[in-house]
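Below are the chains, spelled out letter by letter.
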Amino acid sequence: VYRNEIPLAVLSVVGSGWANRAGLLARLMAILGDASIPVAATSASSHSATFYLDEKLGERAHHLLHDLVLAEPETFTSISLRGGVGELRVRLGAVADARDVLAGITQFLAHRRISVVELITVLSEINIYLPWNDLEAAHEGLLKLLRTYF
């Protein structure tokens, strides 16, 4: 189980009509990239984009994208920033049924009353974003839990 070593910031941009706007996510990423702000992870939908980045760069990234949100109210409706986020990443390579692992992880977190900021699943891994203050306890517990699956 990978555990990030520094607190992350979560920067979310929300809008409308994105489904028919090609290249919008690329524009947002380019603004951050041009400012030398690396993005650790991202998730997106037809109306929002969320970026995970070094907490120390959060305010700067927020300012850059906030200018765009204000300049294009027909495309963007809001932007928000939250710091103090940790990441755990579970690689699923040898697991036959990732649904069982995902269910076990969410049950473990719920029983320990650990909030989830976001959970992103892809074919080979599960990325869990949670409050930084809960990261150590969640990491230790998930290591024990996952031994039953691997």
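Computed from a predicted structure; not experimentally measured.

Student: Lay out the overall build of the protein chain in plain terms, naming residues and giving numbers.
Tutor: Helix and strand content of the protein chain: 4 helices and 7 strands. Walking the protein chain from its N terminus toward its C terminus, one meets helices and strands in the order β-β-α-β-β-α-β-α-β-β-α. Once the C-alpha set of the protein chain is aligned to its principal axes, its extents read approximately 50 × 30 × 25 Å. Surface summary for the protein chain: the accessible area is close to 8200 Å², and the carbon and sulfur share equals 53%. Averaging the positions of the 13 positive and the 16 negative side-chain charges in the protein chain gives two centres separated by 5 Å.

Student: Got a sec to walk through the packing of aromatic side chains? Specific residues and values, please.
Tutor: Inspection of every chain in the model, using the stated rule, returns 2 aromatic pairs. Ring geometry for tryptophan 18 versus phenylalanine 76: centroids 5.7 Å apart, planes at 75°, classification edge-to-face. Taken together, the positions of tryptophan 18 in the loop between β2 (8-15) and α1 (24-34) and phenylalanine 76 in strand β5 (residues 76-91) put the pair 58 residues apart, joining distant regions of the chain. Plain terms: the ring middles of tyrosine 52 and tyrosine 129 are 3.8 Å apart, the flat faces sit at 20° to each other, and that makes the pair stacked. Of the two residues, tyrosine 52 sits in strand β4 (residues 48-54) while tyrosine 129 sits in strand β7 (residues 125-131), which places them 77 residues apart along the sequence. Since its relative accessible area comes to 1%, tyrosine 52 is described here as buried. Over the aromatic face of tryptophan 132 sits the side chain of arginine 3, whose NZ or CZ is 6.0 Å from the ring centroid. Directly above the aromatic system of tyrosine 2 lies the positively charged group of arginine 89, at a separation of 4.3 Å from the ring centroid.

Student: I'd like a description of unusual backbone geometry, backed by residues and values.
Tutor: Of note, serine 36 is a non-glycine position whose phi angle comes to about 60°, a positive value. By secondary structure assignment, the location of serine 36 is in the loop between α1 and β3 (41-44). Classification of serine 36 by relative accessible area gives exposed; the value is 60%. Its identity is not glycine, yet arginine 113 carries a phi of approximately 55°, on the positive side. Tracing the backbone through its elements, the reader meets arginine 113 in the loop between α3 (98-111) and β6 (118-122). Among the residues examined, arginine 113 registers a relative accessible area of 76% and is labelled exposed.

Student: Report on the nonpolar core, specifying residues and quantitative values.
Tutor: Across soluble globular proteins, nonpolar side chains have a tendency to be buried as a group. Of all hydrophobic cores here, the largest spans 19 residues; its most connected members are Val13, Leu28, Phe51, Leu65 and Phe76. Secondary-structure elements contributing two or more residues to this core are β2, α1, β4, α2 (58-71) and β5. Take this core: its biggest share by element is 4 residues, from α2. Aside from chain neighbours lying at most four places away, what touches valine 13 is Trp18, His47, Ser48, Ala49, Phe51, Leu65, Val69, Phe76, Ser78 and Ile79. Counting residues in each nonpolar core, the second largest holds 15 residues, with Leu92, Ile126, Leu142 and Leu146 among its members.

Student: Pulling in residues and values, what's your account of the pattern of salt bridges?
Tutor: A complete count under the given rule lists 4 salt bridges for this structure. Measuring nitrogen to oxygen at the nearest pair gives 2.5 Å for the salt bridge that ties arginine 27 to glutamate 72. Here arginine 27 is found in helix α1, whereas its partner glutamate 72 is found in the loop between α2 and β5, with 45 residues between them in sequence. A relative accessible area of 32% places arginine 27 in the partly exposed class. Its salt-bridge partner being arginine 91, residue glutamate 125 comes within 2.6 Å of it at the nearest N-O pair. Of the two residues, glutamate 125 sits in strand β7 while arginine 91 sits in strand β5, which places them 34 residues apart along the sequence.

The rules we used
Residues numbered from 1 in each chain as written. Predicted model: local features only at pLDDT ≥ 70, side-chain atom pairs only at ≥ 80, totals over all residues. Heavy atoms only, no water. Helix = DSSP H or I, 4+ residues; strand = E, 2+ residues; numbered from the N terminus. Areas by Shrake-Rupley, 256 points an atom, 1.4 Å probe, with all protein chains shown as cover. Lys, Arg positive; Asp, Glu negative; His and termini not counted. Charge placed at Lys NZ, Arg CZ, Asp CG, Glu CD. Phe/Tyr/Trp six-rings, centres within 6.5 Å; stacked < 30°, edge-to-face > 60°. Buried < 20%, exposed > 50% of the residue type's maximum accessible area, 1.4 Å probe, protein only. Lys NZ or Arg CZ within 6 Å of the ring centre and 35° of its normal. Core = buried A, V, L, I, M, F, W, Y, C linked by side-chain atoms within 4.5 Å. Contact = heavy atoms within 4.5 Å. Salt bridge = Lys/Arg side-chain N within 4 Å of Asp/Glu carboxyl O.

Worth remembering: the numbers are spatial, not functional.
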